Amino acid sequence: MKLSLALLASAFAATSAFSPAATKVSVTRSSSSLDASRNRDKVASRSKWAESRGYGTVAEAEAEAESATGLMTNDEGLEYVRLANAAGDTSDIYLYGGVVTSYKVGGQEYIAVRPDAKMDGSKPISGGLSHCWPQFGPGEIQQHGFARNVNWTVKSMTDTTVELEMAPSDYTKEMWDKEFLCTFSVALEDDKLSTKMFVENKGEESFDFQAALHSYFTVSAIENLSIAGSFAGKEFLNKMVGDGEMQTEDREEITISEEYDRVYMGVNDPVLKDSGTGKTLTVMNTAGYEDTVLWNPFGNEGMGYNNFVCVESVKFDPVTLEGGNSWTGDMALKAGDL
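On a predicted model such as this, the values are computed, not experimentally measured, just so you know.

Caption draft 1: Expanded view of the packing of aromatic side chains. Tallied over the entire structure, the rule returns 20 aromatic pairs. Note on Tyr80 and Tyr94: the rings are 5.1 Å apart at their centroids and 25° apart in plane angle, and the pair reads as stacked. Separated by 14 residues along the polypeptide, Tyr80 in strand β2 (residues 79-84) and Tyr94 in strand β3 (residues 90-94) bring together distant segments of the chain. Side by side, Tyr80 and Tyr94 carry an identical accessibility label, which is buried.

Caption draft 2: Structural view of the nonpolar core. In terms of nonpolar packing, the biggest core is built from 56 residues, with Trp133 and Leu333 touching the most fellow members. Residues Cys132, Phe136, Leu237 and Val314 belong to the second largest nonpolar core, which totals nine residues.

Caption draft 3: Structural view of the pattern of salt bridges. Enumeration according to the criterion identifies 15 salt bridges in this entry. With its nearest N and O atoms 2.9 Å apart, the salt bridge here joins Asp330 to Lys196. With Asp330 in strand β21 (residues 326-337) and Lys196 in strand β10 (residues 193-201), the pair connects residues that are 134 residues apart, well separated along the chain. Here Lys315 ties to Glu290 by a salt bridge, and the two come within 3.7 Å at their closest N and O atoms. Placement of the pair is Lys315 in strand β20 (residues 308-321) and Glu290 in the loop between β18 (279-287) and β19 (291-296), with a sequence separation of 25 residues.

Caption draft 4: View of a negative patch on the surface. There is a patch of like negative charges on the surface, built from Asp177, Glu179, Glu204 and Glu205. Within the secondary structure, Glu204 sits in the loop between β10 and β11 (207-218).

Caption draft 5: Up close: unusual backbone geometry. Along the chain, Trp133 connects to Pro134 via a cis peptide bond; the corresponding omega equals 5°. Relative to the assigned elements, Pro134 resides in the loop between β6 (129-132) and β7 (153-157). Its identity is not glycine, yet His144 carries a phi of approximately 65°, on the positive side. Here His144 lies in the loop between β6 and β7.

Conventions we followed
Residues numbered from 1 in each chain as written. Predicted model: local features only at pLDDT ≥ 70, side-chain atom pairs only at ≥ 80, totals over all residues. Heavy atoms only, no water. Phe/Tyr/Trp six-rings, centres within 6.5 Å; stacked < 30°, edge-to-face > 60°. Helix = DSSP H or I, 4+ residues; strand = E, 2+ residues; numbered from the N terminus. Buried < 20%, exposed > 50% of the residue type's maximum accessible area, 1.4 Å probe, protein only. Core = buried A, V, L, I, M, F, W, Y, C linked by side-chain atoms within 4.5 Å. Salt bridge = Lys/Arg side-chain N within 4 Å of Asp/Glu carboxyl O. Patch = residues over 30% accessible without salt bridge, like charges linked within 9 Å, V, L, I, M, F, W, Y side chains within 5 Å. Areas by Shrake-Rupley, 256 points an atom, 1.4 Å probe, with all protein chains shown as cover. Lys, Arg positive; Asp, Glu negative; His and termini not counted. Charge placed at Lys NZ, Arg CZ, Asp CG, Glu CD.

Right, here's the structure in full:
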């Protein structure tokens, strides 16, 4: 599984970060009418439910539901955990893929899920803080590994924390027969959202792996975004040039005006700045994650390119984990003002 940066240039040649371009779907007038009818029924049902519980209005009922915590189920049948703190900030974490799909601070959403995402378990969720493990990109097993398309189990949970676990299964053993245990913890703190990926080798033989959080973040518009960090002077792999070309970054802050798929080695301190919202988001990689990948399918409206950017926390060079040892990847998100 070991890949050097030079090999990546050829291995990743034309690979999109997550999924193929969305197909165009036509919407007929009859389906629109049906949707409108269903929406009216849904509003009426919510109003009746709210009144029966003394909330008075649907808005009040939805506000009450937003602040609820614990294990929940979406409309497509997937389970997720909602965290909420005393300030009213919230975070949602899906068991399918162990993926954080929402982080709201003061009502502002900072984590994006693509409009073409499947939320029914039929494929990995295109969005959120999605796991790429034990492989990043293409390689010996399936694209980005298997952690993003298996069900994790809840190990422990409070109103503001959740700990998920992924262990080997028949499905994972078919492609990667290693004795591992992964624990992913999320904590909704007063001033940030903290995550920890903890990998253990439960066997006697060593194994190699890569790790990444394929993180999707919201932007008001891609033209309003700049990304600060220690980019200037760093080499990066530009996967959009030929079969992949090593280049050197000369900018202090990155702006995006074309399709991006770039691996910045040795950069792990990105700060997103959105002039449209007046907000910042600091990605604090304090352990494990050493590199940053920037990805945006510029121009692809089906994927919703104009309202998200992927700023991925990556351990690109493979980790060799000896039997009985462990590895930790710590990443936190801290929202602020410009």
